[in-house]
Amino acid sequence: MDQEGGHQQMAATTWEGYVDWRSRPAIVGRHGGMLAAFFVLVVEVLENLAFLANASNLVMYMAEYMHVSPSRAANDVTNFMGTAFLLALLGGFLSDAFFTTYRIYLISAAIEFLGLVILTVQAKSASLKPPPCDLANPAAVCQEVGGGKAAMLFAGLYLVALGVGGIKGSLPSHGAEQFDHSTPQGRKQRSTFFNYFVFCLSCGGLIAVTLVVWVEDNKGWQWGFGISTLAIFLSIPIFLAGSASYRNKIPSGSPLTTIFKVLIAATLNPCKSRNTSNAIASMNTSPSHATTQMAQRKQEAFEAEEEEDDPKSKEVTLPSNGSLSFLNRAVTSKPIHRSLECSVQQVEDAKVVLKLLPVFACTIILNCCLAQLSTFSVQQASTMDTKLGSLKVPPASLPIFPILFIMILAPVYDHFIVPFARRATKTEMGITHLQRIGIGLALSVLAMAVAALVEIKRKRVASHSGLLDSPGPLPITFFWIALQYLFLGSADLFTLAGLLEFFFSEAPASMRSLATALSWASLAMGYYLSTVIVSIVNGVTGNSGHRPWLKGTNLNGYHLERFYWLMCVLSGLNFLNYLFWATRYKYRSTGCSK
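Residues numbered from 1 in each chain as written. Predicted model: local features only at pLDDT ≥ 70, side-chain atom pairs only at ≥ 80, totals over all residues. Heavy atoms only, no water.

### Quick notes on the packing of helix α19 (residues 512-541) against helix α20 (residues 560-582)
Helix-helix packing: each pair is described by the crossing angle between the helix axes and the interaxial distance. The interhelical angle for the contact between α19 and α20, taken along N-to-C directions, is 125 degrees, at an axis separation of 12 Å. Classified by the angle between their axes, α19 and α20 sit oblique to one another. The two elements α19 and α20 meet at a crossing, and its hand is right-handed. Residue-level contacts link I533, V534 and V537 of α19 to F563, L566, M567 and L570 of α20. (Axes fitted to C-alpha atoms, helices over the stretch in contact; angles between N-to-C directions. Helix = DSSP H or I, 4+ residues; strand = E, 2+ residues; numbered from the N terminus. Parallel < 35°, antiparallel > 145°, perpendicular 65-115°, else oblique. Left-handed = near helix turned anticlockwise from the far one by under 90°. Contact = heavy atoms within 4.5 Å.)

This is the structure we're talking about:
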């Protein structure tokens, strides 16, 4: 009896399924909570500073120092950023399956640090870059980066991408795991964490697009890369300082293996299930009712024994109808092979993940629009008057507008809008995750329409001033570009924070890091899709001897406004598609409702 009481006391004082950094059971009251999450938020400031400082200005570095054409520079940047965000899936998978989020962050930060060191060394040494070239002189022949120099450049960039991917795939879920999801207070704190995660992401971005970009443009790129290297280096001891307060979720094996096993089993297994309706049907068609009853009782006793050995199978009951009900075939007493034997819980987990995918897919077009912020929008601003009084603002600092708006809106949203919505709707969430994502998608449609109108105005000024073929600045202020940044920044705040929390809260516990990484994978798909759309647009519009919309060395010769109108139409159709899926989605997590 004393032993049982001791076990019960230990179970009551430890977090089930969690350990501390030394792999000992995590203790309630000592591990987790806002203090542990605070270290994660500080680290996110430094991590995003290191990443965004280069990403926001990289298109200018590629064009001015590596002598790459504007369209290829844009593609190189979108490919780099797309790869970084796509690799978040790898970070999330490893966190769920084999390592803790704690270890994945430390490994990833070290990899990103190594990549930034390589880029810093190349930027410092003139012999590792192409010879200098006067870009303002149309007759100048500029040598494009190639050979070993290109290999060094892309090795550094993609080491950074690998490190960033691992961090993005582990850090948000590591912070969110610090809260008790079984209580309303814990869920509210988790929601606050995701809002402030985006806030801290923006804080790092603010320093990146102001201080670091100014240093890159005025003091040299070696100093800009150096600041990024220092930032990611400092993030490691700060993260380690919180080790004693973290609770780390114990990895539970490969979530992808479970999903694939369920899909294969549902495809190959005969159409039988463990539910009683199948048993009754087989009884009625049997020639010997008594014999069948006896066999049925034996079968039920055998299955009951199996379920005792596998408590997961008793957690839920398979519904006989509903969406993805064909997966129920994965649960059978006679699987086609023993390795394809699935529990009821595994089938339900697979259903949950598959239901998340349409929402994930609907955010890709939005992130395709966001890709324009670091490519064509920067190039647009570089052709405009960027003076602010006596200060000349670098074009890559333009993201300061959406970043400042996010930093203002995030606390207002969390402390004023959400409490008001909770009182008005009398629900725990106030504004549901899907409603928040929908607002972001609607704003992206407006953003692309505004971007098209601003580009029309910019080219009209160039035409009236006789500067269509001139590389010099146009007599129009860069504040016009700030309008599209403002709308897209707002869309990013609503969608990213909503997606992170939606995927984390809806996914099964064994797949939370991987599911959260879908938010970043959506960004990756958006960047890749941007590259594909640009290539398709140039291919289609370049037929029949016409000049492609987005090709050439002079941005004034582009038909960028037509491209933005195309993105506006695609965003509108995507929003309608999202409404179709969102209105049919049923939340599984506590506290969520339509």
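Still to come is the rest of the account.
### Points about the side chain of Q122
With respect to the helices, strands and loops of the structure, Q122 is situated in helix α6 (residues 101-124). Assessed through its relative accessible area of 0%, Q122 is described here as buried. (Buried < 20%, exposed > 50% of the residue type's maximum accessible area, 1.4 Å probe, protein only.)

### With respect to the pattern of salt bridges
Evaluated as defined, the whole model comprises 8 salt bridges. The closest approach of N and O atoms between E177 and R512, which form a salt bridge, is 3.5 Å. Linking E177 in the loop between α7 (147-176) and α8 (184-218) with R512 in helix α19, this pair joins segments that are 335 residues apart in sequence. Salt-bridge contacts for R187 lead to E428; the nearest nitrogen and oxygen are separated by 2.7 Å. Residue R187 is located in helix α8, and its partner E428 is located in the loop between α16 (400-425) and α17 (433-464); the two are separated by 241 residues in the primary sequence. Each member of the salt-bridge network shares a partner with another, and the members are E44, E47 and K168. (Salt bridge = Lys/Arg side-chain N within 4 Å of Asp/Glu carboxyl O.)

### Points about the confidence of the model for the chain
When pLDDT is low, close inspection of the predicted coordinates is not appropriate. Summarising the model, the chain shows a mean pLDDT of 80, and 85% of its residues fall at 70 or more. Put simply, helix α11 (residues 276-284) is where the chain has its lowest mean pLDDT, 36, and α20 is where it has its highest, 93. Below pLDDT 50 for its whole length, residues 272-296 participates in 21 contacts with residues either more than four positions away or in separate chains. Per-residue pLDDT stays below 50 along residues 298-316; that stretch engages in 17 contacts with residues further than four places along the chain or on separate chains. (pLDDT = per-residue confidence, 0-100.)

### Topic: helix α13 (residues 344-362)
For α13, with 19 residues, the first-to-last C-alpha span of 29 Å sits near the 27 Å given by 1.5 Å per residue. Counting buried positions along α13 yields 15 of 19 residues, so the element is predominantly enclosed. (Expected span 1.5 Å × (residues − 1).)

### What to know about unusual backbone geometry
Backbone geometry at S23 places phi at a positive 65 degrees, although glycine is not the residue there. Considering the arrangement of structural elements, one finds S23 in the loop between β1 (14-19) and β2 (25-27). Classification of S23 by relative accessible area gives partly exposed; the value is 48%. The backbone phi angle of K426 is positive, close to 55 degrees, even though this residue is not glycine.

### A look at empty space enclosed by the protein
Where empty space is left in the structure can be found by rolling a water-sized probe over the atoms. Within the structure shown, the criterion is met by 7 cavities of 30 Å³ or more. The space that makes up the second largest cavity amounts to roughly 90 Å³. Every residue lining the second largest cavity is listed: S95, D96, T100, T101, E177, K249, I250, P251, S252, R512 and S513. When contributions to the lining of the second largest cavity are tallied by element, the ones reaching two or more residues are α5 (88-97) and α19. Residues of the lining of the second largest cavity, tallied by class, amount to 2 nonpolar, 5 polar and 4 charged. (1 Å grid on protein atoms, 1.4 Å probe; cavity = no way out; pocket = protein on both sides within 12 Å on 5 of 7 lines; lining within 4 Å. Points joined across faces, edges and corners; volume = space filled by probe spheres on them. Nonpolar A, V, L, I, M, F, W, Y, C, P; charged D, E, K, R; others polar.)

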